[in-house]
Amino acid sequence: MKIAVLKEQAAGETRVAATPETVKKFIGLGNEVAIESGAGLHASITDEAFAEAGASVGKAAATVKDADIVLGIQAPDEKALKGAKSGAWVAALFDPFSDTARVEAYAAAGLEALAMEFMPRITRAQSMDVLSSQSNLSGYKAVLAAADTYGRAFPMMMTAAGTVQAAKAFVMGVGVAGLQAIATARRLGAQVSATDVRSATKEQIESLGAKAIFVEDVAGIEGEGSGGYATEMSDEYKAAQAKLVSEHIAKQDIVITTALIPGRAAPVLITDAQIATMKPGSVIFDLAVAQGGNVEGSKPDETVEKHGVKIIGYANTPAQLPADASALFARNHFNFLSAFWDKEAGKPELDEEIGDAIRLTQSGKVVNERLQG
Ligand code: NAD
């Protein structure tokens, strides 16, 4: 099989879908790997390093020519894939609910789109899950960016000139990113609290040494629900949550929001009126800013100041850590394809559970259940 990796074209995208480590591993499975020249530069991987690992490095057209599998971070424009084999697989992020035009274009081009963000949340797919690997880094980076913007220190410091108080940090949404945000803020010395709609997270928050702040009088999500994801909450829950948050955030210095609902705009967790109750100089990092935002008024890649509070958030947070984000994403790709490798056939054969979950297009049609109707 020929596996191709192109230079990412999306604005601000610094990651690359393969590393010398995964190139070697794919070659070890009997494949040929082609990389577009310059694809790894933002992630500190030179063309020479890819070539040393055994890849052929060249122009985009030569890279995709006769490719059986194309790996990407964000799915390339289908026009860039002319020359790939008919029915070639493209494994990448497709943003399938929003970017329906791209999915249709892939179907029309006869390509098989495999959306890595649709990887099911099952134990055996954990090592293939790009949302987890990237969210983990995002949670870390959000805390560092907030700390950097904050005009005070995180840890308590006892100095000859007097005591510096520890910062109070509050994490809203305790999935993969939120857990890492709690751990990072704790390591920096902040006093950390956190909340979620899923009651299963309470124990996780406490096990990281943070305080759990939960709506107690209205039922939240008891079990893990479908794949561990949250759903839209009732109006009654939202009102109780707003009250709880209002009381709590007025005392916080740092707030990190991470709440997402798959296939929908991110829920608004902090309104302008609530921001007004916070102390001037406080910082909010909105990790959901690219999905509509958890914070009223947040803007991707901008520092918005409201009522003396700075609100920040990146359009693409993992792209702020290109080397590690690429290394993990590339391993997710390798773990995925190698798990399905049929040695005799010399190519991967997907099973139904994972194949049907992530396949968006096949034989000229949009085939994914989640995109029907
Ligand atoms: P996510 O990125 O979809 O959402 C982030 C968090 O926001 C979630 O914890 C969610 O419950 C929370 N949230 C949503 N609406 C909210 C609201 N209104 N108020 C407060 N919080 C709100 O979540 P995620 O990081 O992808 O993780 C979700 C779960 O899936 C976790 O339990 C995680 O451990 C699990 N998971 C399992 C696997 C696997 O088994 N392969 C892989 C990844 C994650």
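In this report, the structure presented in the accompanying data block is examined.

1. Here we look at the sheet that holds strand β2 (residues 32-36)
Argument step 1. The strand order across the open sheet formed by six strands is β3-β2-β1-β4-β5-β6, and the pairing between neighbours is parallel. If you trace the sheet from one side to the other, it starts and ends with β3 (56-58) and β6 (112-115), each paired once. Neighbour to neighbour, the strand axes of the sheet diverge by 20° on average, direction disregarded.
Argument step 2. Bridging between strand β4 (residues 69-74) and strand β5 (residues 89-93) involves four bridges; their strand directions are parallel. Bridged to Leu71 within β5 is Ala91.

2. Topic: the sheet that holds strand β13 (residues 283-286)
Argument step 1. Pairing is mixed in the open sheet, where seven strands are placed in the order β11-β10-β9-β12-β13-β15-β14. Looking along the sheet, the strands with just one partner apiece sit at the ends: β11 (211-212) and β14 (304-306).

3. Thoughts on the packing of helix α5 (residues 130-149) against helix α6 (residues 176-187)
Argument step 1. At their nearest, the axes of α5 and α6 sit 7 Å apart, and the two run at 35° to each other. Regarding α5 and α6, the two cross each other, and that crossing is right-handed. Here Ser132, Ser135, Asn136, Gly139, Tyr140, Val143 and Leu144 of α5 lie close against α6, whose contacting residues are Val176, Ala177, Gln180, Ala181, Thr184 and Ala185.
Argument step 2. Classifying every residue of the contact of α5 with α6 by side-chain character gives seven nonpolar, six polar and no charged.

4. Some details on the site of the ligand
Argument step 1. Neighbouring the ligand are 23 residues, the closest being Ser132, Val176, Asp196, Arg198 and Gln241.
Argument step 2. In the environment of the ligand, a nitrogen atom lies 3.3 Å from a nitrogen or oxygen atom belonging to the backbone of Ile122.
Argument step 3. Between an oxygen atom of the ligand and a side-chain N or O atom of Gln126, the distance comes to 3.2 Å.
Argument step 4. Contact with the protein chains removes 89% of the 840 Å² of surface that the ligand exposes when unbound.
Argument step 5. Considering only residue class, the shell around the ligand consists of ten nonpolar, eight polar and five charged.

5. Quick notes on the environment of Phe26
Argument step 1. Considering the arrangement of structural elements, one finds Phe26 in helix α1 (residues 20-28).
Argument step 2. For the pair Phe26 and Ile3, spaced 23 residues apart in sequence, the C-alpha to C-alpha distance is 8.3 Å.
Argument step 3. Leaving out residues up to four positions away in the same chain, Phe26 has contacts with Ile3, Asn31, Val33, Leu71, His333, Phe334 and Leu337.

6. Brief notes about helix α4 (residues 100-108)
Argument step 1. Buried within α4 are the following residues: Val103, Ala105, Tyr106 and Ala107.
Argument step 2. Its buried side turned inward, α4 meets β5, β6, β18 (361-362) and β19 (365-366).
Argument step 3. With its phi angle positive at about 75°, Gly110 sits one or two positions after the end of α4.

7. Topic: the pattern of salt bridges
Argument step 1. Summed over all chains, the structure comprises 17 salt bridges.
Argument step 2. The partner of Arg124 in a salt bridge is Asp351, with the nearest N and O atoms 2.9 Å apart. With Arg124 in the loop between β6 and α5 and Asp351 in the loop between β17 (347-348) and α11 (352-358), the pair connects residues that are 227 residues apart, well separated along the chain.
Argument step 3. By relative accessible area, Asp351 is classed as partly exposed at 26%.
Argument step 4. The network of salt bridges with common partners includes Glu21, Lys25 and Arg331.

8. Describing the environment of Asp324
Argument step 1. Along the chain, Asp324 turns up in helix α10 (residues 322-339).
Argument step 2. Classification of Asp324 as partly exposed rests on a relative accessible area of 48%.
Argument step 3. Once the C-alpha coordinates of Asp324 and Leu350 are considered, the two residues, 26 residues apart in sequence, prove to be 27 Å apart.

9. Examining the nonpolar core
Argument step 1. Ranked by internal contacts, the top residues of the largest apolar core, which has 55 residues, are Ile35, Leu71, Phe94 and Phe336.
Argument step 2. Here Phe336 is in contact with Ala91, Leu114, Met116, Met119, Met128, Leu350, Ile354 and Ile358, once residues within four sequence places are set aside.
Argument step 3. Grouped together as the second largest cluster of nonpolar side chains are 27 residues, Val143, Ala169, Val174 and Ile312 included.

10. Section: the packing of aromatic side chains
Argument step 1. Summed over all chains, the structure comprises six aromatic pairs.
Argument step 2. On the basis of an interplanar angle of 70° and a centroid distance of 6.2 Å, the ring pair of Tyr150 and Phe154 is categorised as edge-to-face. You'll find Tyr150 and Phe154 in the same group, each marked buried.
Argument step 3. With 6.0 Å between their ring centres and 75° between their planes, Phe336 and Phe340 make a pair best called edge-to-face. The pair formed by Phe336 and Phe340 is uniform in burial state, with each residue classed as buried.
Argument step 4. One residue, Arg370, lies across the ring of Phe118, its end atom 4.1 Å from the ring centre.

Definitions and limits used
- Residues numbered from 1 in each chain as written.
- Predicted model: local features only at pLDDT ≥ 70, side-chain atom pairs only at ≥ 80, totals over all residues.
- Heavy atoms only, no water.
- Pairing = 2+ DSSP bridges.
- Helix = DSSP H or I, 4+ residues; strand = E, 2+ residues; numbered from the N terminus.
- Axes fitted to C-alpha atoms, helices over the stretch in contact; angles between N-to-C directions.
- Left-handed = near helix turned anticlockwise from the far one by under 90°.
- Contact = heavy atoms within 4.5 Å.
- Nonpolar A, V, L, I, M, F, W, Y, C, P; charged D, E, K, R; others polar.
- Near = heavy atom within 4 Å.
- Polar contact = N/O pair within 3.5 Å; in protein donor to acceptor, adjacent residues only side chain to side chain.
- Areas by Shrake-Rupley, 256 points an atom, 1.4 Å probe, with all protein chains shown as cover.
- Buried < 20%, exposed > 50% of the residue type's maximum accessible area, 1.4 Å probe, protein only.
- Salt bridge = Lys/Arg side-chain N within 4 Å of Asp/Glu carboxyl O.
- Core = buried A, V, L, I, M, F, W, Y, C linked by side-chain atoms within 4.5 Å.
- Phe/Tyr/Trp six-rings, centres within 6.5 Å; stacked < 30°, edge-to-face > 60°.
- Lys NZ or Arg CZ within 6 Å of the ring centre and 35° of its normal.

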